[in-house]
Amino acid sequence: MSEKTVSSHKLRILEKLEVDNVVALANLMSHYQLLERGIEPRSGLDPVTA
């Protein structure tokens, strides 16, 4: 593999991790918003994509 291919591959991995982290953070925030309102979040349900 050329150096360019390797760095391109690393960049794609980093971009995917960044998206995963943003989704996880959004899920966490909506989970806490539900708790603040006294609503018990349903387990196993992804509030962002549900």
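Keep in mind that this is a model prediction, so the values were computed, not measured. Each chain has its residues counted from 1, following the order in which its sequence is written. For a predicted model such as this one, the threshold for reporting local features is a pLDDT of at least 70, and the threshold for listing and counting side-chain atom pairs is 80 or more; totals across whole chains, interfaces and linings nevertheless cover every residue. Calculation of side-chain values draws on the structure's entire complement of heavy atoms; hydrogens and water are dropped beforehand.

## Brief notes about the overall build of the chain
- Only runs of H or I of at least four residues qualify as helices and only runs of E of at least two qualify as strands under DSSP, and these elements are numbered from the N terminus. Helix and strand counts for the chain stand at 1 helix and 0 strands.
- Accessible area of the chain: about 4600 Å², with a carbon and sulfur share of 61%. The Shrake-Rupley method, run with a 1.4 Å probe sphere, supplies the accessible areas, and residue values consider only the shown protein chains as cover.

## Regarding the pattern of salt bridges
- When a carboxyl oxygen of Asp or Glu is within 4 Å of a side-chain nitrogen of Lys or Arg, the pair counts as a salt bridge. Applying the stated rule across the entire model yields 1 salt bridge.
- Lys16 is the salt-bridge partner of Asp20, the closest N and O atoms lying 2.8 Å from each other. You can see Asp20 and its partner Lys16 sitting in helix α1 (residues 3–36), 4 residues apart, about one turn around the helix.

## Structural notes on the side chain of Ser30
- Tracing the backbone through its elements, the reader meets Ser30 in helix α1.
- For each residue, the accessible area found with a 1.4 Å probe, counting protein chains only, is set against the maximum for its type, and the residue is called buried under 20%, exposed over 50%, and partly exposed in between. Given the relative accessible area of 17%, Ser30 is considered buried.
- In the analysis that follows, any N or O atom pair within 3.5 Å is treated as a polar contact, provided that within protein one partner can donate a hydrogen and the other can accept it, and provided that, for residues neighboring in sequence, both atoms belong to side chains. Side-chain polar atoms of Ser30 contact the backbone oxygen of Asn27, separated by 3.1 Å.

## Remarks on α1
- Given the number of residues in a helix, its expected span is that number minus one, multiplied by 1.5 Å. In this model α1 runs 49 Å from its N-terminal to its C-terminal C-alpha over 34 residues, within 8% of the 50 Å that 1.5 Å per residue would give.
- Of the residues flanking the end of α1, it is Gly38, one or two places downstream, whose phi is positive at about 80 degrees.

## Remarks on a nonpolar patch on the surface
- Only residues whose relative accessible area exceeds 30% and that form no salt bridge enter a patch; like-charged residues are grouped when within 9 Å of one another, and nonpolar side chains (Val, Leu, Ile, Met, Phe, Trp, Tyr) when within 5 Å. There is a patch of nonpolar side chains on the surface, built from Leu25, Leu28, Met29, Tyr32 and Leu35 and spanning about 490 Å² of accessible area.
- Along the chain, the position of Leu28 falls in helix α1.

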